[in-house]
Amino acid sequence: MASATVLVGTQFGDEGKGKLVDYLSDKYDIVVRYQGGANAGHTICFDNKTVVLHLIPSGIFNKDCVCVIGNGVVIDPNALLDEIKKVEDLGYDVRGRLFISHNAHLIMPYHKQLDSLSESCLSGEQKIGTTGRGIGPSYEDKFARCGVRVVDLLNAKVLEEKLRDNIAAKNKLFKNIYEKDEIDVDAMVREYAEFDKIIDPFVTNTQLYLNRKIREGKTVLLEGAQGCLLDVDHGTYPYVTSSNPTSGGACTGSGVAPNHIGKVIGVCKAYTTRVGNGAFPTELDDEVGESLGRIGHEFGATTGRKRRCGWIDLVALRYSLTISGVTELALTKLDVLDTFGEIKVCTSYMLDGKEIHDFPTEHQTLSRVTPVYKSLPGWNGSNAHAKSFDDMHENARDYVTFLEDALGVPVTFISVGPGRDETVFK
Ligand code: GDP
Ligand code: IMO
Ligand code: MG
């Protein structure tokens, strides 16, 4: 059996990845985050508690599971330390079972400032609607080859040099372009030098660590953040995040090579949501959309923003499943549809009077399509009691089977509530 499984979001994020990873983590030795940063909000509900994780992998509440923050993640050290404290306060010791890649890049306060300043220069619909966590500017520095990495926190001299160089460049932007106060470089050098001893016990060459563990026969679950349609290469550019949530990103962001990957689990909501701007063909600006948001509690786990809601979109899903090579689907939040008399599924788009079946990857085109729907009957009842697929309402089973046939991928988990136990196997 291959050692590694990738779990990806197949839509615009918030598909319920956190719940699934927490649920699956007792079947894996190690869970790895491979991209994104504290823009992610992964919610886990267990023992009457609801916890939102932003950076720490969602396997942390399984005491036998080791968690790794991979080289592809961008880390705000303050956010990470707050989160470690939050997890420890819940009674889960992270020492010896949380490792952070020495190669991961840092998010500095100036990245967050630049994130909000660049958004404030865009007008209306041009705004990306970022989470304001400094994600884009930190990845910009990574690819410009001037970023500060976790390993730099462990070497005071290198850290100071890098901060002085970076801040000199950023201060030119703050002063001359944005007309803002310059950063006090000495204060920042002092503040970041303090992370050395605190972060040191967690820092490892995680690429080597993961490959050694794989050789020893351990199993790895690679946890994606965001979703395929927010991928910087494959998503609805420019309304995307600045990393690769698709399964390819799991290899570059962890150092686990493709030949170790067996399954790719795609997490998919039974409808669609999106936070932030950008095209959303099946968005519902009506009472039905409001109901989906109200019943599904669709508010961002990171920013609290109201999520835009609409029906499931098979054109977009066929595309994401192809790009990520999804081998099985986890269908989440099916319970949110329990009270709808009619459920619609978008099967194709209309573009300039012609029916199209392929997802347009160019944003201007995507924003002009209109969805073609197939209508399916609702089931007017709860599946919370279901212990197996056969226990579910017939129309709910038909909905799942319809999706499987249309997407050509089996649905292996059906989530009917936020809790660990509210999961049905198929
Ligand atoms: P993630 O970013 O993909 O981990 O998803 P989020 O945590 O941002 O959003 C998913 C939300 O739906 C969270 O509030 C979960 O607790 C909740 N959730 C997950 N699965 C289900 C489900 O099957 N039914 C319901 N009603 N809520 C769910
Ligand atoms: P999880 O992992 C949903 C969206 C933002 C914005 C765009 C770019 O919880 O599914 P960024 O701050 O990344 O530069 O913002 O991406 N976005 C998410 N939407 N779920 C997320 O993560 C997201 N992370 C970023 O709303 O539209
Ligand atoms: Mg989320």
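Because the structure is predicted, anything quoted here is derived from the model rather than measured.

Here we take up the domain arrangement of the protein chain. Each assigned domain of the protein chain is listed with its residue range as follows: domain 1 (4-99 + 205-415) and domain 2 (105-202). Using C-alpha coordinates to define each centre, domain 1 is positioned 29 Å away from domain 2. Listed by partner, the interface residues are 31 residues for domain 1 and 26 residues for domain 2. Counting the surface lost from both domain 1 and domain 2, the interface buries some 2300 Å², and carbon and sulfur atoms represent 59% of this. Interface area lost by domain 1 to domain 2 is led by Val-74, Pro-77 and Asn-277, which between them contribute 24%. Applying the counting criterion to the domain 1 and domain 2 interface returns one salt bridge. Applying the counting criterion to the domain 1 and domain 2 interface returns ten residue pairs in polar contact (both at pLDDT 80 or more).

Quick look at the packing of helix 5 (residues 156-177) against helix 6 (residues 185-193) now. Helix 6 packs onto helix 5 with a crossing angle of 145° between their chain directions and a minimal axis gap of 10 Å. Helix-helix and strand crossings are classified by hand; for helix 5 and helix 6 the assignment is right-handed. Residues Leu-159, Glu-160, Leu-163, Arg-164 and Ile-167 of helix 5 pack against Val-185, Asp-186, Met-188, Val-189, Tyr-192 and Ala-193 of helix 6. Of the residues in the contact of helix 5 with helix 6, the class split is eight nonpolar, no polar and three charged.

Now for the site of ligand 1. Not every one of the 18 residues close to ligand 1 is listed here, only the nearest: Gly-16, Lys-17, Thr-43, Asp-335 and Ser-415. The contact in question runs from an oxygen atom of ligand 1 to an N or O atom on the backbone of Gly-18, over 2.8 Å. Measuring from a nitrogen atom of ligand 1, one finds a side-chain N or O atom of Asp-335 at 2.7 Å. Bound to the protein, ligand 1 loses 91% of the 580 Å² it would expose on its own. Looking at the shell around ligand 1, the elements with two or more residues in it are helix 1 (17-24) and strand 3 (42-46). Within the shell around ligand 1, the residues separate by chemical class into four nonpolar, seven polar and seven charged.

Once that is clear, we can look at the sheet that holds strand 9 (residues 203-204). The sheet built from ten strands is open, its strands ordered 9-7-5-2-10-1-11-15-19-20 with mixed pairing. What marks the edges here is a single partner per strand, and that holds for strand 9 and strand 20 (423-425). In this sheet, strand 15 (residues 328-332) lies alongside strand 11 (residues 261-269) in parallel orientation, the contact comprising five bridges. Of the residues in strand 15, the one forming a bridge with Lys-269 is Thr-332. Each of strand 1 (4-9), strand 2 (30-33), strand 10 (220-223), strand 11, strand 15, strand 19 (411-415) and strand 20 is contacted by helix 1, which is oriented at about 160° to strand 1, the strand it contacts most.

Another aspect to go through is the nonpolar core. Within the largest apolar cluster, 55 residues are counted, with the highest numbers of intra-cluster contacts made by Leu-222, Leu-334, Leu-337, Tyr-399 and Ile-414. Among the elements that make up this core, the one with the highest residue count is helix 13 (residues 394-407) (six residues). Leu-334 has contacts with Ala-270, Trp-379, Asn-383, Met-392, Ala-396, Tyr-399, Val-400, Ile-414, Ser-415 and Val-416, leaving out every residue within four places of it along the chain. The next biggest cluster of nonpolar side chains, apart from the first, holds 42 residues, and it includes Ile-44, Val-87, Val-148 and Val-203.

With that settled, consider the coordination of the magnesium ion (ligand 3). Within the protein, the atoms that donate to the magnesium ion (ligand 3) are Asp-14 (OD) and Gly-41 (O), at distances of 2.1 to 2.2 Å. One end of the pair, Asp-14, is in the loop between strand 1 and helix 1; the other, Gly-41, is in the loop between strand 2 and strand 3, with 27 residues separating them in the sequence.

This part is about the site of ligand 2. Around ligand 2 lies a shell of 20 residues, among which Asp-14, Lys-17, His-42, Thr-131 and Thr-241 are the nearest. The backbone of Gly-41 places a nitrogen or oxygen atom 2.9 Å from an oxygen atom of ligand 2. One nitrogen or oxygen atom from the side chain of Thr-131 is found 2.6 Å from an oxygen atom belonging to ligand 2. In isolation ligand 2 offers 550 Å² of accessible surface; the protein chains occlude 98% of this area. Split by residue class, the shell around ligand 2 holds seven nonpolar, ten polar and three charged. Taken together, domain 1 (4-99 + 205-415) and domain 2 (105-202) each give at least three residues to the shell around ligand 2, which thus spans both.

What follows covers the packing of aromatic side chains. All chains considered together, the criterion is met by twelve aromatic pairs. Taken together, a centroid distance of 4.8 Å and an interplanar angle of 35° make the contact between Phe-46 and Phe-61 tilted. Taken as a pair, Phe-46 in strand 3 and Phe-61 in the loop between strand 4 (49-53) and strand 5 (66-69) lie far apart in primary sequence, 15 residues in all. For Phe-61, a relative accessible area of 4% gives the class buried. Ring centres 5.0 Å apart and planes at 25° place the aromatic pair Tyr-319 and Phe-359 in the stacked group.

Turning to the pattern of salt bridges, a few remarks are in order. Between side chains of opposite charge, a pair can form when the charged atoms approach closely. Taken as a whole and assessed by the stated rule, the structure comprises 21 salt bridges. Among the ionic pairs, Glu-283 bridges to Arg-308, the shortest N-O distance being 2.9 Å. In this pair, Glu-283 sits in the loop between strand 12 (272-274) and helix 10 (287-295) while Arg-308 sits in strand 13 (residues 308-310), placing the two residues 25 residues apart along the sequence.

Here we come to helix 6. Of all the residues in helix 6, the buried ones are Val-185, Met-188, Val-189 and Tyr-192. Considered in projection along helix 6, the buried side chains sweep an arc of 100° and stay on one side of the axis. Packing partners of the buried residues in helix 6 comprise helix 2 (77-89), helix 3 (109-120), helix 5 and helix 7 (195-199). With a side-chain oxygen positioned 3.2 Å from the backbone nitrogen of Asp-186, the residue opening helix 6 is Asp-184.

Attention shifts here to the side chain of Asn-166. By the element assignment, Asn-166 lies in helix 5. Apart from residues no more than four positions distant in its own chain, Asn-166 is found in contact with Tyr-110, Asp-141, Cys-146 and Val-148.

Criteria and thresholds
Residues numbered from 1 in each chain as written. Chains lettered and ligands numbered in written order. Predicted model: local features only at pLDDT ≥ 70, side-chain atom pairs only at ≥ 80, totals over all residues. Heavy atoms only, no water. Domains from an automatic or database assignment. Contact = heavy atoms within 4.5 Å. Buried area = accessible area lost by both parts, 1.4 Å probe. Salt bridge = Lys/Arg side-chain N within 4 Å of Asp/Glu carboxyl O. Polar contact = N/O pair within 3.5 Å; in protein donor to acceptor, adjacent residues only side chain to side chain. Axes fitted to C-alpha atoms, helices over the stretch in contact; angles between N-to-C directions. Helix = DSSP H or I, 4+ residues; strand = E, 2+ residues; numbered from the N terminus. Left-handed = near helix turned anticlockwise from the far one by under 90°. Nonpolar A, V, L, I, M, F, W, Y, C, P; charged D, E, K, R; others polar. Near = heavy atom within 4 Å. Areas by Shrake-Rupley, 256 points an atom, 1.4 Å probe, with all protein chains shown as cover. Pairing = 2+ DSSP bridges. Core = buried A, V, L, I, M, F, W, Y, C linked by side-chain atoms within 4.5 Å. Buried < 20%, exposed > 50% of the residue type's maximum accessible area, 1.4 Å probe, protein only. Donors = N, O, S within 2.8 Å, 3.2 Å for Na, K, Ca; no water. Phe/Tyr/Trp six-rings, centres within 6.5 Å; stacked < 30°, edge-to-face > 60°. Arc of directions from axis to C-beta.

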